[in-house]
Amino acid sequence: MHITNLLSQYFGKFAKKEFPRPIQELINGSYTKFMKLDLKEFKSSKHYKSLNELFTRDLIIKREIDSSKDIFISPTDSLITECGKLKNDTALQIKGMEYSVEELLTYYCRDNFSKVENGDFMNFYLSPKDYHRYHAPVDFKLKKLIHIPGKLYPVNLKYLNKEVELFVQNERVVLECEKDGKIFYMVFVGALNVGQMVFEFEPRVETNKDTKEIKVYTYENIEISKADCLGYFKMGSTVVMIWEKDFVVLEDLLNKNVKFGQKIAKY
């Protein structure tokens, strides 16, 4: 097991522990203050029984969602660290640092490699202070889920600038999605201190375990509606979206913060 996975497991055990109420309120309050969490749309920090509950907090105020059928919305609250056109099958994790989409998605998505060549991509970085749940960006049919074990390097800007093919090295979960006969992918990338990535529709997925086996789940009848909650990170991490060629026109969002529900692309 890589040291990043081991450290993340230890942190995960601390984060899920429910301390006596006064101690837990102190932990939650300190974290909220240190990370400058904005809790206007959430319960106050004292209501959460563990750090994990605080990290994975749900909205108590309903967001405005662009319900237009030809609009993709942001699946997360995050910073767009890169976006644009793929060069053949190459995407950027950050300016000057490239990775192969085929390696990111793995052999199990081979049937669609030719479709995504020269397509579009967008990287969403969730910091530890962000809302950690991820949502459906559009109505879609879920075709496949691939869980790929790996390392858990940090995915902040410092590491993106120095660690070659970081997204390909890290543990990740790939969703293969179909919309109106076209394919797009959502890739959920694990990171240091992300004890778990949870998918509410697939309880068999267990991340940050001592295993090297890739697991693939295929589906026939799972249809997901725009804005539905897909799951959550336990701590911040990254989502990569990849669309097949000539599917979408991306909004100009490079280096901008986005909110779940905000328009990111039109098709």
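Residues numbered from 1 in each chain as written. Predicted model: local features only at pLDDT ≥ 70, side-chain atom pairs only at ≥ 80, totals over all residues. Heavy atoms only, no water.

Caption draft 1: The packing of aromatic side chains, seen in detail. If you walk through the whole model with that rule in mind, you get 16 aromatic pairs. For the pair Phe 42 and Tyr 131, a centre-to-centre distance of 5.7 Å together with 40° between the ring planes defines the contact as tilted. One end of the pair, Phe 42, is in the loop between α2 (21–35) and α3 (51–55); the other, Tyr 131, is in the loop between β5 (120–125) and β6 (133–135), with 89 residues separating them in the sequence. Accessibility assignment for this pair places Phe 42 and Tyr 131 in one class, buried. Three or more aromatic residues joined by ring pairs form one cluster here, namely Phe 72, Phe 140, Phe 184, Trp 243, Phe 247 and Tyr 267. (Phe/Tyr/Trp six-rings, centres within 6.5 Å; stacked < 30°, edge-to-face > 60°. Helix = DSSP H or I, 4+ residues; strand = E, 2+ residues; numbered from the N terminus. Buried < 20%, exposed > 50% of the residue type's maximum accessible area, 1.4 Å probe, protein only.)

Caption draft 2: Just a nonpolar patch on the surface, in detail. Taken together, the side chains of Tyr 107, Tyr 108 and Val 216 present a nonpolar region at the surface, about 300 Å² in accessible area. Mapped onto the elements of the fold, Tyr 108 is located in the loop between α4 (101–105) and α5 (113–116). (Patch = residues over 30% accessible without salt bridge, like charges linked within 9 Å, V, L, I, M, F, W, Y side chains within 5 Å. Areas by Shrake-Rupley, 256 points an atom, 1.4 Å probe, with all protein chains shown as cover. Salt bridge = Lys/Arg side-chain N within 4 Å of Asp/Glu carboxyl O.)

Caption draft 3: Here's a closer look at α2. The end-to-end C-alpha distance of α2 is 21 Å, a good match for the 21 Å that 15 residues give at a rise of 1.5 Å each. Looking only at α2, the buried set comprises Gln 24, Ile 27, Asn 28, Tyr 31 and Thr 32. Taken end-on, α2 shows its buried residues confined to a sector of 125°, consistent with a single buried face. Facing away from the buried surface of α2 by more than 90 degrees, the exposed residues are Pro 22, Leu 26, Lys 33 and Phe 34. Looking one or two residues past α2, Lys 36 carries a phi angle of roughly 60°, positive in sign. (Expected span 1.5 Å × (residues − 1). Arc of directions from axis to C-beta.)

Caption draft 4: Focus on the nonpolar core. Formed by 36 residues in total, the largest nonpolar core has its most connected members in Phe 72, Phe 184, Phe 188 and Trp 243. The contact partners of Phe 188, leaving out residues within four places of it in the chain, are Tyr 134, Glu 171, Arg 172, Val 173, Leu 175, Met 197, Phe 199, Leu 230, Phe 233, Thr 238 and Val 239. Core analysis: the next-biggest nonpolar cluster, separate from the first, contains 19 residues, Ala 91, Ile 146, Val 174 and Ile 242 among them. (Core = buried A, V, L, I, M, F, W, Y, C linked by side-chain atoms within 4.5 Å. Contact = heavy atoms within 4.5 Å.)

Caption draft 5: Geometry of the pattern of salt bridges. Following the criterion strictly, the structure yields 11 salt bridges and no others. Lys 266 serves as the salt-bridge partner of Asp 70, at 3.8 Å between the closest nitrogen and oxygen. You can see Asp 70 sitting in the loop between α3 and β1 (71–73) and its partner Lys 266 sitting in strand β16 (residues 263–266), a full 196 residues away along the chain. A residue is classified by how much of its surface remains accessible, and Lys 266, at 41% relative accessible area, is partly exposed. Arg 204 is the salt-bridge partner of Glu 202, the closest N and O atoms lying 2.8 Å from each other. In this structure Glu 202 comes out as buried when scored by relative accessible area, which is 4%. Residues joined by salt bridges that share partners form a network here, namely Glu 41, Arg 63, Asp 77 and Lys 259.

Caption draft 6: Local environment of the sheet that holds β5. Strand order across the open sheet formed by 8 strands is β11-β7-β8-β9-β13-β5-β2-β15, with antiparallel pairing between neighbours. Since the sheet does not close on itself, it has two edges, and those belong to β11 (215–224) and β15 (257–258), each with one partner. As paired elements, strand β7 (residues 140–148) and β11 share 7 bridges and run antiparallel to each other. When the sheet's bridge partners are listed, Lys 141 is paired in β11 with Glu 223. (Pairing = 2+ DSSP bridges.)

Caption draft 7: Here's a closer look at the pairing of strand β2 (residues 78–85). Burial analysis of β2 places 7 of its 8 residues in the buried class, which makes it a mostly covered element. As defined by bridge partners, β2 adjoins β15 across 2 bridges and the pair is classed as antiparallel. The partner of Leu 79 across the bridge, within β15, is Asn 257. Relative to β5, β2 runs antiparallel, the two being bridged by 6 bridges. Residue pairing in the sheet places Lys 85 in a bridge with Asp 120 of β5.

Caption draft 8: Structural view of the side chain of Arg 133. Mapped onto the elements, Arg 133 comes out in strand β6. Assessed through its relative accessible area of 13%, Arg 133 is described here as buried. A distance of 2.9 Å separates a polar side-chain atom of Arg 133 from the backbone oxygen of Thr 56. Polar side-chain contacts of Arg 133 include one of 3.5 Å to the backbone oxygen of Arg 57. (Polar contact = N/O pair within 3.5 Å; in protein donor to acceptor, adjacent residues only side chain to side chain.)

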